[in-house]
Amino acid sequence: MKCLLLSIPLLTFVACSGPESQTSTPQVAITKETIVEDTVEVQKELSLDSLWQELVYEKGGCLTGGQRVVNGRFGNQACVLTSTRNATRADWTPFFDHPKEELTDFLLNQLPDTSATHIHTCPFFVATTGEVAVYCLSKIHLKNWYDLDPFMAYQDRKPKNSIDSEQAWLQEILADEATRELLIAAWKKQ
């Protein structure tokens with residue numbers, strides 16, 4: 001919105017100026033980087049809940065299998081949650097810039113939500129809200145959900161197919177109130 005408001009006067013100025021004034025007016029280059037920077041600035045002003053709604057339900061994206069912590073690092077360059085120069089991933093930067101404790105509390109409150117998001121979990125299905133919250137917690141705490149004490153049995157479990165996969169196991173945990181509470185308690189210890 002801010003970018004749009006800034007560009008209207010610029011367009012009006014360029015459209016209303018004659019040829020003689022155009023030669024002395026410096027040209028303003030609008031690049032992908034300036035658009036990303038303007039978008040990030042606007043997002044910094046949004047509440048955590050508003051950012052979440054926009055990122056998870058409107059913009060979406062793909063996790064590309066990068067929703068895990070491997071060798072102490074979260075994600076890969078293609079994962080939507082991993083901040084790089086890509087405009088979609090840069091959108092997550094203001095979200096993850098919130099204090100760790102505030103993010104953790106916010107995300108733990110999202111775990112019971114089983115509604116579908118616009119975040120795709122390669123190579124399987126669209127992620128649920130609670131599932132995306134778990135992946136965000138993994139990014140923040142640099143720990144996979146199956147590395148938490150009550151869920152370590154899942155570390156060595158081998159997926160058989162898309163219905164018997166890491167994503168399906170996590171969705172089952174989140175759908176069951178008792179195991180979800182164990183997961184919440186385990187994350188709170190982090």
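What comes next is a walk through the structure. (Residues numbered from 1 in each chain as written. Predicted model: local features only at pLDDT ≥ 70, side-chain atom pairs only at ≥ 80, totals over all residues. Heavy atoms only, no water.)

This brings us to the overall build of the chain. Looking only at helices and strands, the chain has ten helices and five strands in total. A buried classification covers 39% of the 190 residues belonging to the chain. For the chain, long-range pairs separated by at least 24 residues make up 59% of all intrachain contacts whose partners lie at least 6 apart in sequence. If you sum the accessible surface of the chain, you get close to 10,800 Å²; carbon and sulfur atoms cover 56% of it. (Helix = DSSP H or I, 4+ residues; strand = E, 2+ residues; numbered from the N terminus. Buried < 20%, exposed > 50% of the residue type's maximum accessible area, 1.4 Å probe, protein only. Contact = heavy atoms within 4.5 Å. Areas by Shrake-Rupley, 256 points an atom, 1.4 Å probe, with all protein chains shown as cover.)

Right, let's talk about the pattern of salt bridges for a bit. Oppositely charged side chains can pair when the atoms bearing their charge come close. One pass over the structure, following the stated rule, counts four salt bridges. D91 is the partner of K59 in a salt bridge, and the nearest nitrogen-oxygen pair spans 2.8 Å. Of this pair, K59 sits in helix α4 (residues 48–59) while D91 sits in the loop between α5 (87–90) and α6 (93–96), placing them 32 residues apart in sequence. Exposure remark for K59: the relative accessible area of 36% places this residue in the partly exposed category. Between R157 and D164 there is a salt bridge, with the nearest N and O atoms lying 3.8 Å from each other. Classification of R157 by relative accessible area gives partly exposed; the value is 36%. (Salt bridge = Lys/Arg side-chain N within 4 Å of Asp/Glu carboxyl O.)

On to α4. Taking 1.5 Å of rise per residue, twelve residues should cover 16 Å, and α4 covers 15 Å from first to last C-alpha, within 8% of that figure. One or two steps after α4, the chain reaches G60, where phi turns positive at roughly 65 degrees. (Expected span 1.5 Å × (residues − 1).)

Here the focus is the sheet that holds strand β5 (residues 126–128). The three strands are arranged β1-β4-β5 in an open sheet whose pairing can be described as mixed. Bordering the open sheet on either side are β1 (61–62) and β5, each of which pairs with just one other strand. Two strands pair when backbone bridges link them, and strand β4 (residues 116–120) and β5 are joined in this way by two bridges, in the antiparallel orientation. Within the sheet, the bridge partner assigned to A116 lies in β5 and is T128. On the sheet, helix α8 (residues 129–141) packs against β4 and β5 and is oriented at approximately 85 degrees with respect to β5. (Pairing = 2+ DSSP bridges. Axes fitted to C-alpha atoms, helices over the stretch in contact; angles between N-to-C directions.)

This paragraph deals with the packing of helix α9 (residues 166–175) against helix α10 (residues 177–188). At a minimum axis distance of 5 Å, the contact between α9 and α10 shows a crossing angle of 100 degrees. Relative to α10, α9 is oriented roughly perpendicular. Two secondary-structure elements touch here, α9 through L170, E172, I173, L174 and A175 and α10 through E177, T179, R180 and L183. Its residues placed into classes, the contact of α9 with α10 shows five nonpolar, one polar and three charged. (Parallel < 35°, antiparallel > 145°, perpendicular 65-115°, else oblique. Nonpolar A, V, L, I, M, F, W, Y, C, P; charged D, E, K, R; others polar.)

Further remarks concern the packing of aromatic side chains. Going through the model one piece at a time under the given rule, you end up with twelve aromatic pairs. Measuring from ring centre to ring centre gives 5.6 Å for W52 and F95, while their planes differ by 35 degrees; the resulting arrangement is tilted. Note that W52 is positioned in helix α4 and F95 in helix α6, a separation of 43 residues in sequence. Residue W52 is classed as buried on the basis of its relative accessible area of 0%. Judged by its relative accessible area of 0%, F95 is buried. (Phe/Tyr/Trp six-rings, centres within 6.5 Å; stacked < 30°, edge-to-face > 60°.)

Time to look at the packing of α8 against α9. The description of two helices packed together rests on the angle between their axes and the distance between the axes. Between α8 and α9, whose axes approach to 10 Å, the crossing angle comes to 110 degrees. Classed by the angle they form, the pair α8 and α9 counts as roughly perpendicular. When α8 is examined against α9, the residues G130, E131, V134 and Y135 are found in contact with a partner set consisting of Q167, L170, Q171 and L174. Among the residues making up the contact of α8 with α9, the classes are represented as four nonpolar, three polar and one charged.

The next thing to look at is unusual backbone geometry. Across residues other than glycine, the phi torsion is negative in most instances, and most of the peptide bonds are trans. Here T64, not a glycine, exhibits a phi torsion of approximately 50 degrees, which is positive. If you trace the backbone, T64 turns up in the loop between β1 and β2 (69–70). Even without a glycine there, the phi angle at N71 is positive, about 55 degrees. Judged by its relative accessible area of 78%, N71 falls in the exposed class.

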